[in-house]
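Architecture at a glance
Next come the chains, spelled out residue by residue.
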Amino acid sequence: MAFSGFLSRLRPSSKPIRFIYYYSQSQSQSQSRIIDNTAILINSNNNTNHQSSSSSSSWRTFLLPILLGGSLALQFQENPSLCDAPNLQQTGGRIGGKDSTEHVLKGTYKSVPTELIHELKAICQDNMTLDHDERYFHGKPQYSFHKAINIPDVVVYPRSEDEVSKIVQACNKYKVPIVPYGGATSIEGHTLSPNGGVCIDMTLMKNVKALHVKDMDVVVEPGIGWMELNEYLAPHGLFFPLDPGPGATIGGMCGTRCSGSLAVRYGTMRDNVINLKAVLADGEVVKTASRARKSAAGYDLTRLMIGSEGTLGVITEVTLRLQKIPEHSIVAMCNFPTIKDAADVAIAAMLSGIQVSRVELLDEVQVRAINLANGKELPEIPTLMFELIGTEAYTREQTNIVQKIASEHNGSDFVFAEDTEAKKELWKIRKEALYACLAMAPNCEAMTTDVCVPLSHLAELISKSKQELDASPLLCMVIAHAGDGNFHTIMLFDPEDEEQHKEAERLNNFMVHAALSMEGTCTGEHGVGTGKLKYLEKELGTENLRTMRKIKAALDPNGIMNPGKLIPPHVCL
C-alpha cells in the first residue's frame, strides 16, 4: 500500500540495536563535562563515527554534540531550578500563554549536574543513553508540528517502579526537569523537553501483571500498547475498548485522557481506569484506589492523574476495565451529498437510541486520500461509517433502522459488511487515515487538531469549519467521531513556508474558537500539551487554572514534572 512507507515512521516497540562504549576520564576542571566512567549507548548506524585511531579524540568527537545539541540557546539564571520555563521575566514573552502564536517552545536551559548523571547510571546501569541521535529523537515528536529549542540531556529506560521512583527522587534533588515518554504518538507537544533534563522512556515496562477474567479487569505496566494488550486478551474473550492511534501506550493514553472511535459506547480513558499507581515528584509511590468497580472513599485521585499529562506524576501501573468481545457486529457505510447531511444522520442515529459502538465521518478529501493510499474506489463524497454490535438478529435490525435514517437525509449507496476480514479492512483504512493524508503530500507536515462540542452543535460546527477549510489554499481533511461530537482536521503545509504555517494555525484557531462559542472544548481527546495552552483561559476561566496551579504546586513544588505543559505559564497564584 502507498502508506506503508509512512507506517515505518512509527517507532517500533523494540529498541534499535546499540553498541555500548565505556569512556574513562579524570574529573575535568570544566564543569560542562558530564561523562566519567559512564556507559554510553550509541546507535549502530553511528558506529563508524567512533572508530578513530585515538581514543581521546573518539570521546571528544562524541562529547561535542552532547554539550551543544540541546543548548543552542542557553539562558542561565540565578534560580537553582532547571525548569522555570519559560522565563517570562527575562524574555518578556508569553510562550504558550493567552493569545500566544508561538509554535516553538522556548525554555531556560542549564546543564544537568555530573552528580545526577552518575546517580542515574547507578540506578539504570546500561539502560540509559547520552547519545545525541537518541536524545534528538525523543525531543522532536514525529507527528507533531510543535517544536522546542532544547532536547533532553539524558534518556533513561527504567524496568521497574522502584527504578522510576529512584530516578524521579534523584531529579527532584537536583531540580532537574522530567519528561515521561511512551509511544510517541501524541500530537500536541506533550513530550517536548523545553528545558532539557531527563526523558523517562517507559517502553521497557510493558508487562501484564495480573488478569482477572471473572472480574473483567487487567493490571498492566504503562509501556504496553493497547493493540498488544488486545492481542493478549483475545484468547480470553475480552478486549480493552479504547482505540486511539496505532502505537499508543496505556501510560500515555492515561496521561492525555484519550478515547478513540469506540468512546461513543464505552466512554473515554477516565471511564475505563479503575485505579493506577504513580510516582510523585518526591519519589513517593501512590496508589489511587482499590480494585472495586465503585468507591466513595476519599478524593478521586485516579481521575486527577488521568489527563494530567505527566505534570503531577509518572504512571507506573494501571488497572483497566475490560469488555466482552461482541458476539456479532456489522459495519455499515453510506454516502451523502454534503458533510452537513452526514453529520445530521449521525445525530439522528444517536437520538434514535440505537446502540452503536462507532460513528465515523470522513469528508470527500479524506476518502480520496484513502483511495490513493489503498487502491480503493470508494465514492469520493462525505461518508459515514457505523459499527453496530450485539446478537446477529439485533445488529441486523439496528442496521435497517440506520439505513432508514440515512435515506431520510439524502443518503445513498448504503452497504454493510459482516465478514470478519472485510470489517477489519474497513477499520484498518480508517485507522491509517493520517498516513494516507501524508501520502498525498509527502513533503508536507500535518497540523492535526481536534475539538468537541455538544452533539446538537456538531453539524453546525463541521459545516462552518468545512467552508473555511475548502476556501483555504492548504490541503485539508475532516474526520469525526461523530457519535460524541468530536471531530478532527488534518491540514497539510510546507514546513519551509511560513505563510502556509500561519494559514494552518489560522484555521486551527478558527475551529477552536468556533467550538468554544458553542460550549465546546479545544480538545476532545488529543490533550493540551503545549499546542492548546493558549485556549485554556477562555475555555476554563482564570479561577479554574489557578486551582490547577495550586494542585501542581502542592504535588510538584520544584516544578520538575513535564514543565511547560497543560498549565499556561502566564497563570500565577
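Quick note: structure is the one above.
Before going into details, it helps to say that this report is about the structure given with it. Quick caveat: nothing in here was measured; it's all calculated off a predicted structure. (Residues numbered from 1 in each chain as written. Predicted model: local features only at pLDDT ≥ 70, side-chain atom pairs only at ≥ 80, totals over all residues. Heavy atoms only, no water.)

1. Topic: the overall build of the protein
- If you tally the helices and strands in the protein, you get 20 helices and 22 strands.
- Burial statistics for the protein: of 573 residues in total, 56% are counted as buried.
- Long-range contacts, defined here as pairs at least 24 residues apart, represent 74% of the contacts in the protein between residues at least 6 apart.
- On the protein, roughly 23500 Å² of surface is accessible, and the fraction owed to carbon and sulfur atoms is 52%. (Helix = DSSP H or I, 4+ residues; strand = E, 2+ residues; numbered from the N terminus. Buried < 20%, exposed > 50% of the residue type's maximum accessible area, 1.4 Å probe, protein only. Contact = heavy atoms within 4.5 Å. Areas by Shrake-Rupley, 256 points an atom, 1.4 Å probe, with all protein chains shown as cover.)

2. So, the sheet that holds strand 18 (residues 383-390)
- The strand order across the open sheet formed by 7 strands is 19-16-18-17-21-22-20, and the pairing between neighbours is antiparallel. The open sheet is flanked by strand 19 (412-417) and strand 20 (445-452), the only strands paired with a single partner. Each adjacent strand pair in this sheet contributes to an overall mean axis angle of 15 degrees, direction not counted.
- Of the pairings in the sheet, the one linking strand 20 to strand 22 (residues 486-493) comprises 8 bridges and is antiparallel in character. The partner of Met447 across the bridge, within strand 22, is Met491.
- Most of the contacts of helix 14 (residues 392-407) go to strand 18, to which it runs at about 155 degrees, and overall it touches strand 16 (328-335), strand 18 and strand 19.
- Its contacts with the sheet put helix 17 (residues 458-471) on strand 17 (356-362), strand 20, strand 21 (475-481) and strand 22, and the angle it makes with strand 22 is roughly 5 degrees. (Pairing = 2+ DSSP bridges. Axes fitted to C-alpha atoms, helices over the stretch in contact; angles between N-to-C directions.)

3. Overview of the side chain of Asp201
- Considering the arrangement of structural elements, one finds Asp201 in strand 8 (residues 198-201).
- The buried category is assigned to Asp201, whose relative accessible area is 0%.

4. Quick word on the environment of Leu312
- With respect to the element layout, Leu312 can be found in the loop between helix 11 (301-305) and strand 14 (314-321).
- Measuring from C-alpha to C-alpha, the distance between Leu312 and Asn562 comes to 8.3 Å, with 250 residues separating the pair along the chain.
- In contact with Leu312, other than residues within four places in its own chain, are Leu280, Ala281, Leu304, Met305, Ile551, Lys552, Leu555 and Met561.

5. Considering the environment of Arg321
- Within the element layout of this structure, Arg321 appears in strand 14.
- Taking the C-alpha atoms as reference, Arg321 lies 8.7 Å from Asp215; in sequence the two are 106 residues apart.
- Excluding anything up to four places from it in sequence, Arg321 contacts Met216, Phe240, Pro241, Asp271, Asn272, Ile274 and Arg293.
- A polar contact is formed between the side chain of Arg321 and the backbone oxygen of Asp271, at a distance of 3.4 Å. (Polar contact = N/O pair within 3.5 Å; in protein donor to acceptor, adjacent residues only side chain to side chain.)

6. A few points about the packing of aromatic side chains
- Taken as a whole and assessed by the stated rule, the structure comprises 1 aromatic pair.
- Over the aromatic face of Trp427 sits the side chain of Arg358, whose NZ or CZ is 4.4 Å from the ring centroid. (Phe/Tyr/Trp six-rings, centres within 6.5 Å; stacked < 30°, edge-to-face > 60°. Lys NZ or Arg CZ within 6 Å of the ring centre and 35° of its normal.)

7. Topic: the sheet that holds strand 6 (residues 154-156)
- If you walk across this open sheet you meet the 4 strands as 4-6-8-7, and the pairing is mixed. Bordering the open sheet on either side are strand 4 (128-129) and strand 7 (178-181), each of which pairs with just one other strand.
- One ladder, built from 4 bridges, connects strand 7 with strand 8; its direction is parallel. Across the sheet, Pro180 pairs through a bridge with Ile200, a residue of strand 8.

8. A look at unusual backbone geometry
- Of note in the backbone geometry, Asn410 takes a positive phi value of approximately 70 degrees without being a glycine.
- Along the chain, Asn410 turns up in the loop between helix 14 and strand 19.
- One non-glycine residue, Glu519, lies in the positive phi region at around 65 degrees.
- Position of Glu519 relative to the elements: it lies in the loop between helix 18 (498-517) and helix 19 (536-540).

9. Things to note about helix 12 (residues 339-351)
- The end-to-end C-alpha distance of helix 12, which contains 13 residues, comes to 19 Å, matching closely the 18 Å that a straight helix rising 1.5 Å per residue would cover.
- Residues of helix 12 that are buried: Ile339, Asp341, Ala342, Ala343, Val345, Ala346, Ile347 and Ala349.
- The inward-facing, buried residues of helix 12 contact strand 17, strand 18, helix 14, helix 17 and strand 21.
- Where helix 12 terminates, the next one or two residues include Gly353, which has phi positive at roughly 90 degrees. (Expected span 1.5 Å × (residues − 1).)

10. Overview of the packing of helix 4 (residues 114-124) against helix 6 (residues 161-174)
- Where helix 4 contacts helix 6, the axes come no closer than 10 Å and their chain directions differ by 175 degrees. Looking at the two axes, helix 4 sits roughly antiparallel to helix 6. Contacts between helix 4 and helix 6 pair Glu115, Leu116, Glu119, Leu120, Ile123 and Cys124 from the former with Glu163, Lys166, Ile167, Ala170, Cys171, Lys173 and Tyr174 from the latter.
- Along the lines of polarity and charge, the residues of the contact of helix 4 with helix 6 split into 8 nonpolar, no polar and 5 charged. (Parallel < 35°, antiparallel > 145°, perpendicular 65-115°, else oblique. Nonpolar A, V, L, I, M, F, W, Y, C, P; charged D, E, K, R; others polar.)

11. Focus on the pairing of strand 21
- With respect to burial, strand 21 is a largely interior element, 6 of its 7 residues being buried.
- Inspection of the sheet shows strand 17 paired to strand 21 by 3 bridges, in the antiparallel sense. If you follow Glu360 over to strand 21, its bridge partner there is His481.
- Hairpin connection between strand 21 and strand 22: a loop of 4 residues separates the two successive antiparallel strands, and Gly485 in this loop has a positive phi of roughly 80 degrees.

12. Digging into the state of the cysteines
- Overall, the coordinates contain 0 disulfides when judged by the stated rule.
- With no disulfide of its own, Cys258 has Cys254 as its nearest cysteine by sulfur position, at a separation of 7.9 Å.
- Since its relative accessible area comes to 6%, Cys258 is described here as buried. (Disulfide = S-S within 2.5 Å.)

13. Notes on the nonpolar core
- Counting residues in hydrophobic clusters, the biggest one holds 54 residues, and the most contacted among them are Leu361, Leu384, Phe386, Leu461, Ile462, Phe487 and Met491.
- For Met491, the residues in contact, after removing those within four places along its chain, are Glu445, Ala446, Met447, Thr449, Leu469, Leu475, Cys476, Ala504, Leu507, Asn508 and Met511.
- Listed in part, the 27 residues of the second largest apolar core include Ile224, Leu238, Phe240 and Met269. (Core = buried A, V, L, I, M, F, W, Y, C linked by side-chain atoms within 4.5 Å.)

14. Some words on the pattern of salt bridges
- All chains considered together, the criterion is met by 29 salt bridges.
- The partner of Glu364 in a salt bridge is Lys466, with the nearest N and O atoms 3.0 Å apart. Separated by 102 residues along the polypeptide, Glu364 in helix 13 (residues 364-374) and Lys466 in helix 17 bring together distant segments of the chain.
- Residue class for Lys466 comes out buried when judged on its relative accessible area of 7%.
- Residues Lys404 and Glu408 are paired through a salt bridge, measuring 2.8 Å at the closest nitrogen-oxygen approach. (Salt bridge = Lys/Arg side-chain N within 4 Å of Asp/Glu carboxyl O.)

Note that every value here comes from positions in space, so none of it alone points to a role or purpose.
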